[in-house]
Amino acid sequence: MSYQRLLQQQTRLAASAFVVAPSLCRSSYIFNRRSFHGFRKYQEDPRWPGWQVIVGIETHAQIKSRRKLFSDAFNSNLDDEPNTHVVPFDAAFPGTLPKLNPKCVDLGLRTAVALKCDINRRSSFDRKHYFYSDLPSGYQITQQYSPLAMNGALQVTTAGGEPFTVRIKQIQLEQDTAKSTFNPRTRTSRIDLNRAGAGLMEIVSEPDMRSPEEAAGYVRTLQSILRAMGSSDGNMEQGSMRCDVNISVNRKGETPGTRCEIKNLNSVRFMMAAITHEVHRQIAFLAENPGEHVPQETRGFNEDTFTTFRLRSKEDAPDYRYMPDANLGVLVLSEARINEIKSTLPPLPHEVRERLLEKYPVLRDKARQASLDVLLVNNERVVGLDGEDAGGAIRWFDELCEGGRDPALVLNWLTQELMGQLASRKETLADNTLSVSQFGALVDMVASRTLTGTSGKFLLRHMLANPSQRPMKEIAEELELIALAPSTSSSPQLHALCTAAIAALPSEVAAVRAGNKNVLNKIVGHVMRASRGRADALVVRVLVEELVFEEKNA
Amino acid sequence: MRLNVARKWTKSLPLRHYSTRCDYRQVISEKNPSVNAFVNVSQRPSLPPSEDLPLSGLAIAIKDNIATKSLPTTCSSSMLRDFVSPFDATVVKLLEESGADIIGKTNCDEFGMGSLNVNTIHGPVKNPCNASRSQSEERSAGGSSGGSAAAVAAGMCDAALGTDTGGSIRLPASYCGVTGLKPSYGLISRWGVVSYADSLDCVGILASRADTVKRVFDSIAQHDNLDPTSAPLEIRSLASEHASSLLKSSSSILKDLRIGIPQEYFPEEISSEIVDHVRNVIAQLKSRGAIIVPVSLPTTEYALSSYYVLATAEASSNLARYDGVQYGTYVKSGLDTDKTKTAQIYAQSRTVGFGHEVQKRILLGTYALSADAFDNYFLQAQRIRQLIKDDFNRVFRIPNYFSDSPSQSEDLAGTVDVLLHPSAIRTAPLLEDARSDLSSYVQDVLTVPASLGGLPALSVPIPRPVEPNSTNSDSWPIGISIVGQWGTDDMVLSVGKALEGLNEN
């Protein structure tokens, strides 16, 4: 494409050293003071007794659409070549105009419905201006004056804590920026426009959290909702979700303190550390400066020292010169479109959990909750790009159980083995070639002891590395994985292995005969190794014991 | 439907008249050195034009703020001195598909900002009318589409595209004695048109006759998916059908046509000579059966302030992208530059790349959008803009179908089909005087209201008896403007054609 060539020729590296990144979002987090009274009851925290911590979070989540928010360019992955997902609009070429991607609106609406927001039937887009190398047009298109949705609520459950509600102030659609990388040696910046103009949802909470743990709970719950809606991958480490956290402290019973904002936190762990450090810092300031307020600031987080540092004070806050975008006009949403979104809404994680527990009572076992969480929360792509149904782990689970398989076994093999191996291969259910029926056949062979667990895992790894449409049984036979004792009974092969082991380990056999049963494990281990995982340890143990004492008695 | 209309027009005109009458590239090489209308001329097409297309054989010039792949698009700015767009504007694509010969790019004020076409790296455009005058008497072609108007006036092309944000087609048309249409906002695609103020920018057409303007208009006034402000087909046909239903009964368009004369469009600065000529035209129209209705558009006096706040605010935003990084002029920062701030790096390129007028408007607009000024300037200007639209909607017989809630004027008795007023307060000023005073802004009083309203406005030269040996200023062209309700561009063009014919019968 001639444009690519042109861009390569025309893109220059601006020689400049950047001290701090400007904020991605406006710092207009307004505490609604009235709403504090009685909304959350004060609870003593042993880390800072006598102090109340108030936390609000602005989340930027990348919208999981095929194309960017206002251009036809495809969204990119982190490992794509720089500047390969760019059309002239993304590079702010003269004469280009934005065109709203309706898929992004739909995914924003899904999120709004899932977060119980009021949807604005008329919303609009505004330009937020600042000069920075990651912003080719000199402005970011966002929804300052009339956001997509407002006044929502999210029910948050934390481990060991009481469930609580976080009110959602608003959800707005906006553009992501480009990525600039500074090289301190050459004092140049490299600019990658792949991300420029990708769609973001900014989800702004009310200041309804009271501890680092509650903040973490909010973010995790929000992640699970975004993933279930297919509106974002919600992956903080990979940058598809980023959080700005507002924190204030006040003495018990007093009015809320002045907040500080910590920008661009990219993991839940860092967020909790940042809040903890910030709380201690603010308390220390108030103790040293009685009668004063904490200075209102925007702060960054140092990931090496786990401390926050000052980026700029309130006085240095830039004037973004918000202006309505004359090209995009008003986004009018019809009742029909909103109803369509509601009627096709994917199920929420807690709804799926309830359904699964209802249908498969065996999953109610406490020991299975961790696996169930993997299935529900760290779910594979249930929803694909642009909100399309992509099957995903829940559908796999349902289909696997439909054949009358043991749900507990299916859950274990799906979450621990298959999803575990996919994760280490950096693959997902959607892009691997193994079919539900192949995987079902594998689980069946394990259930009937045609395969041992070890062989099952080996076969799975083999299938992921060497995709094949042939029957699983055939492949298992070819790889000599079929268990030596397909049932609980013995087999000549297994018998031979055990006899050989007894012959090879005379002193151990003597010890067992002398009554030291622990040594039996050593003989069993010998057999297991010799079987290359095809033997069932329990069967082997019974058989070895039998043979040892048979010989003694003989 | 439009295509059929266009074909009909084509058949009624002698095609070869255009293609064989003269060799425009030859004319350009002869005349352009003294007029300075063209800044780039295209290669002669290797194939003879196909003759069955609506614009076959028509040589059309393009204002240099409209993107073309084959020729640079400089916007007359040092910032884009060597810029070649990677794509063609939709209008350029449509013209080519209709068989037109894109003959070259025309001079203009930098990014469309100016009324005299003197804010340009290519040097001022010289008004080609009465070309025999001495250098000290050279006159402005008007701006910002001065090159387009002058190219048509000097016979260097059949038609030219311009852009009009606050009068940038109508004023040069008036000064150069050609016909210039600023269409209804949203009828012609802006994809590929370098934005000055998105809510006001319109692509329009200049030609020596209304017929030619209409031919080109019919080919390029099409819905475009690439332009989010492009009017949907339903609304286009609602407006145009309503307009034609009012007019089809009579044989002459002027018979019983209700023409409003807005009293606010005769400010004290207007030259008496122009007022006399407009009066004369009105009398002739009346004699041909038109009904002349004095009307008032009371918010007009605030239009200029509203326009300059909104246009500069949008400009400050639209021109933020020129930082010299992705494209355009990049000026290396000096040793004393604070390189820790990106804005400081950009400032080097922007200081060198933008001319004085552009810098002035960016500063004004930046102020209007600042947190302290936004409510009192930008929002206030938007309110005035709405009042101006309300004024227009009150006087027109046809409702504004492009607005959120089109409503018919309650009292149709005093309403009109079109408005008529002088296009300019004076004839073309001397280039020597061009930079000296604020009159270039006052001039805009007559043109910005239609821009704020998004309405079609056509400037046609007032027909006057030819006085070959006249040396007094009377012989400089005077334009008269016809303004219609949104979407009634066809009606406005028909009235313009009738005006042209006043002296011919």
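Treat the numbers as computed from the prediction; the structure is a model and nothing was measured.

*Asks:* Just give me the short version of the UniProt feature "active site" (unreviewed entry) in chain B, but keep the residues and values in it.
*Replies:* Residues and elements named next belong to chain B. Mapped onto the present numbering, the UniProt feature "active site" (unreviewed entry) falls on Lys-63, Ser-144 and Ser-168. Across 106 residues in sequence, these annotated residues keep their C-alpha atoms within 11.1 Å of one another, forming a single compact spot. Relative to the elements of secondary structure, Ser-144 occurs in the loop between strand S3 (101-106) and helix H5 (146-153). Among the polar contacts listed, one links the side chain of Ser-144 to the side chain of Lys-63, at a separation of 2.7 Å. Here Ser-168 lies in the loop between strand S4 (159-164) and helix H6 (170-176). When sequence neighbours within four positions are dropped, the list of residues in contact with Ser-168 reads Lys-63, Gly-112, Gly-114, Gly-143, Ser-144, Ser-145 and Thr-163. At 2.8 Å, the side chain of Ser-168 forms a polar contact with the side chain of Ser-144.

*Asks:* Got a sec to walk through the environment of Glu-297 of chain A? Specific residues and values, please.
*Replies:* All names here are of chain A. Mapped onto the fold, Glu-297 is located in strand S13 (residues 297-302). Expressed as a C-alpha distance, the spacing of Glu-297 and Glu-315, which sit 18 residues apart in the sequence, is 8.9 Å. A polar contact is formed between the side chain of Glu-297 and the side chain of Arg-299, at a distance of 2.7 Å.

*Asks:* Run through the confidence of the model for chain B, naming residues and quoting values.
*Replies:* When the pLDDT values of chain B are averaged, the result is 90; 90% of them are 70 or greater. Note on residues 1-20 of chain B: pLDDT under 50 across the span, and 29 contacts to partners over four residues away in sequence or across chains.

*Asks:* Please set out the interface of chain A and chain B residue by residue, giving values where relevant.
*Replies:* Taken together, the contact pairs 45 residues of chain A with 49 residues of chain B. For the pairing of chain A and chain B, the buried interface totals around 3,800 Å² over both sides, and the portion due to carbon and sulfur atoms is 58%. The tally of links from chain A across to chain B stands at 15 residue pairs in polar contact (both at pLDDT 80 or more). At the level of secondary structure, the elements contributing two or more residues to the side of chain A that touches chain B comprise helix H1 (2-10), strand S4 (126-129) and strand S15 (323-324) of chain A. When residues of the side of chain A that touches chain B are assigned to their parent elements, the largest contribution, five residues, is made by H1 of chain A. Here the side of chain A that touches chain B is built from residues that sort into 27 nonpolar, 11 polar and seven charged.

The rules behind the values
Going along each chain's sequence as written, the residues are numbered from 1 onward. Chain A is the first chain written and ligand 1 is the first ligand written, with later ones labelled in order. Restriction of local features to residues with pLDDT of at least 70 applies here, the model being predicted, together with a cutoff of 80 or more for giving and counting side-chain atom pairs; totals for whole chains, interfaces and linings are based on all residues. Side-chain metrics rest on all non-hydrogen atoms present in the structure, leaving aside hydrogens and water. UniProt positions are given in the numbering used here, feature names are shortened, and annotations may be inferred rather than shown by experiment. We count a stretch as a helix when DSSP gives it H or I for four or more residues in a row; a strand needs E for two or more, and each element gets its number in order from the N terminus. Pairs of N or O atoms are called polar contacts if they sit within 3.5 Å, as long as, within protein, a hydrogen donor faces a hydrogen acceptor (for residues adjacent in sequence, only side-chain-to-side-chain pairs). Should any heavy atoms of two residues lie within 4.5 Å, those residues are considered in contact. What pLDDT conveys is the predictor's confidence in a given residue, as a value from 0 to 100. Summed over both partners, the accessible surface that disappears when two parts come together, traced with a 1.4 Å probe, is what is meant by buried area. Only Asp, Glu, Lys and Arg are considered charged, only Ala, Val, Leu, Ile, Met, Phe, Trp, Tyr, Cys and Pro nonpolar, and every remaining residue, Gly among them, polar.

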